[in-house]
Amino acid sequence: MAVKQVVVLHGLYMSGFVMRPLCSQLEKSGLSILNLSYNTLSPDRAAIFKQIDDFIDDKSTALVCHSMGGLVARAYLAANSSQSQNVEKVITLGTPHKGSHIARRMQQKGFDVFLRNSVEFLLTENGDWPFNAKLYSIAGDLPIGLMPLIAKGSQSDGTVLLDETKLNGMAEHKVFHLSHTSMIYSRQVMSYILDLIT
């Protein structure tokens, strides 16, 4: 079944605004887009999941998610609504599927106030991808950000460790020489996403 539409989910401290260039490229390919903005510090699961359900409306759908957005997508699939069965592919960009090392360190140092309720997603520890929807995990290895200071000698996109983007059961793991935020705007990444969806 060909994917006709895409739900786009942004990452922590962001909004749908940062995903607009990516959405514009997807729309040019004839796909319907839900660029879903949500409060990352106080995510309302019920409201987010209802918006996704209403948009899917029994049509074959892909989820394209940056960072924490991929963890929101996982929670949506885990809730197992009837509409979630129509999700064919989940494409994540820099998502810490195994839990965020930076978020864990922030919590340990007492900086929870800057994360608030996002920790319910960022501190989950997953090793597997158990869903019918295929997971395509995109990672970056250009370490521009805090990670080189926090975890010296690690491989990361500057925010998320390379290892955090890997799960047993994923369909593919693709690494680009990009930083955490720049992958949203990368032509290479966009081309890869379009190849997967269209």
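Please refer to the structure placed before this passage.
Only a predicted model underlies this, so the values are computations on that prediction, with no experimental measurement involved. (Residues numbered from 1 in each chain as written. Predicted model: local features only at pLDDT ≥ 70, side-chain atom pairs only at ≥ 80, totals over all residues. Heavy atoms only, no water.)

### What about the overall build of the protein?
From N to C terminus, the protein includes 7 helices and 6 strands. The C-alpha radius of gyration of the protein comes to 16 Å, within 12% of the 16 Å expected for a compact globule of 198 residues. With respect to the principal axes defined by its C-alpha atoms, the protein has extents near 45 × 35 × 30 Å. A total of 198 residues make up the protein; the buried ones form 52% of that total. Across the protein, every contact between residues at least 6 apart in sequence was considered, and the portion connecting residues at least 24 apart equals 75%. When the accessible area of the protein is evaluated, it comes to approximately 9100 Å², of which 50% is carbon and sulfur surface. Across the protein, the centroid of the 18 positively charged side chains sits 5 Å from that of the 17 negatively charged ones. (Helix = DSSP H or I, 4+ residues; strand = E, 2+ residues; numbered from the N terminus. Rg over C-alpha atoms; globule rule 2.2 N^0.38 Å. Buried < 20%, exposed > 50% of the residue type's maximum accessible area, 1.4 Å probe, protein only. Contact = heavy atoms within 4.5 Å. Areas by Shrake-Rupley, 256 points an atom, 1.4 Å probe, with all protein chains shown as cover. Lys, Arg positive; Asp, Glu negative; His and termini not counted. Charge placed at Lys NZ, Arg CZ, Asp CG, Glu CD.)

### Section: the packing of helix H1 (residues 20-28) against helix H7 (residues 187-197)
It is the contact of H1 with H7, at a shortest axis distance of 11 Å, that shows an interaxial angle of 40 degrees. Taken together, the axes of H1 and H7 lie oblique to each other. Judged by the sense of rotation from one axis to the other, the crossing of H1 with H7 is right-handed. Here Leu22, Gln25 and Leu26 of H1 come into contact with H7, specifically with Met190, Ile193, Leu194 and Ile197. Split into classes, the residues belonging to the contact of H1 with H7 amount to 6 nonpolar, 1 polar and no charged. (Axes fitted to C-alpha atoms, helices over the stretch in contact; angles between N-to-C directions. Parallel < 35°, antiparallel > 145°, perpendicular 65-115°, else oblique. Left-handed = near helix turned anticlockwise from the far one by under 90°. Nonpolar A, V, L, I, M, F, W, Y, C, P; charged D, E, K, R; others polar.)

### Points about the side chain of Asn86
Within the fold, Asn86 resides in the loop between helix H3 (68-79) and strand S4 (87-93). You can call Asn86 buried: its relative accessible area is 16%. Those residues in contact with Asn86 that lie beyond four places of it in its chain are Ile56, Asp58, Lys59, Ser60 and Thr61.

### Focus: the pattern of salt bridges
This structure, assessed with the given rule, holds 4 salt bridges. The shortest N-O distance in the salt bridge between Glu120 and Arg45 comes to 2.7 Å. In this pair, Glu120 is assigned in helix H5 (residues 119-122) and Arg45 in helix H2 (residues 45-56), connecting sequence segments 75 residues apart. On the accessibility criterion, Arg45 (31% relative accessible area) is partly exposed. (Salt bridge = Lys/Arg side-chain N within 4 Å of Asp/Glu carboxyl O.)

### A short note on the packing of H2 against H3
One way to put it is that H2 packs onto H3 with a least axis distance of 11 Å and a crossing angle of 75 degrees. Regarding the angle of H2 to H3, the classification is roughly perpendicular. The segment H2 lies against H3, with Arg45, Ile48, Phe49, Ile52, Asp53 and Ile56 engaging Val72, Ala75, Tyr76 and Ala79. For the contact of H2 with H3, the per-class residue count stands at 8 nonpolar, no polar and 2 charged.

That is the geometry; function is a separate question.
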